Amino acid sequence: MIASFGDVYQHGAGILDLDFETRDLLLTAGYDTFIRMWDLRSNKCVLTFEEPFDSAIYCFLSIGKYGIVAGTYRCGMVRLWDKRHVKPVQEYYVGDTDSPVYSLAGDSKYLYVALDRNIMMLDYTV
């Protein structure tokens, strides 16, 4: 094992998604309702974003310098954060089902959201 980042996790708080923010910063998210930013130089968590409705975070996408969106397991909900703040900025309910959000793709103009039966698109320019 090279390094362990598991000292802040409880049993059952598995990671469902992870991605590099930069070469030295790793973002993780999962069942424990948090998105965490890890500094790989120190192997420490340096920032957390908590999902306020206690929903597991299935996936996330970092958008530009300040944006991060997360897909939750409830009601096709996508939540938007500004990385300069720990509280969420906005939430979007996509589709009309109780589907989890399984995957996200997009940029600062469009967001594609994978649900259980379809793919929805959010247009931020409207």
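An account of the accompanying structure is given in this report. (Residues numbered from 1 in each chain as written. Predicted model: local features only at pLDDT ≥ 70, side-chain atom pairs only at ≥ 80, totals over all residues. Heavy atoms only, no water.)

A few words on the overall build of the protein chain. Helices and strands together make up the secondary structure of the protein chain, namely 0 helices and 11 strands. Since a compact globule built from 126 residues should have a radius of gyration of about 14 Å, the 14 Å found for the protein chain is in line with a globular shape. Taken over 126 residues, the protein chain has a buried fraction of 37%. If you take every contact in the protein chain between residues at least 6 apart in sequence, the share linking residues at least 24 apart comes to 32%. When the accessible surface of the protein chain is summed, it comes to about 7,500 Å², and 53% of that surface belongs to carbon and sulfur atoms. (Helix = DSSP H or I, 4+ residues; strand = E, 2+ residues; numbered from the N terminus. Rg over C-alpha atoms; globule rule 2.2 N^0.38 Å. Buried < 20%, exposed > 50% of the residue type's maximum accessible area, 1.4 Å probe, protein only. Contact = heavy atoms within 4.5 Å. Areas by Shrake-Rupley, 256 points an atom, 1.4 Å probe, with all protein chains shown as cover.)

Glancing now at the sheet that holds strand β1 (residues 15-20). Spatially, β1-β2-β3-β4 is the arrangement adopted by the 4 strands of the open sheet, whose pairing is antiparallel. What marks the edges here is a single partner per strand, and that holds for β1 and β4 (44-50). Mean inter-strand twist for the sheet, computed between neighbouring axes without regard to direction, equals 20°. Summarising the sheet, strand β2 (residues 25-30) and strand β3 (residues 34-39) pair through 5 bridges and their orientation is antiparallel. Following the sheet pairing, Thr-28 is matched in β3 by Arg-36. (Pairing = 2+ DSSP bridges. Axes fitted to C-alpha atoms, helices over the stretch in contact; angles between N-to-C directions.)

Right, let's get into the pairing of strand β11 (residues 119-123). Pairing analysis gives 5 bridges linking strand β10 (residues 110-114) to β11, with the strands arranged antiparallel. Within β11, the position partnered with Tyr-112 by the bridge is Met-121. The loop that links β10 with its antiparallel partner β11 comprises 4 residues.

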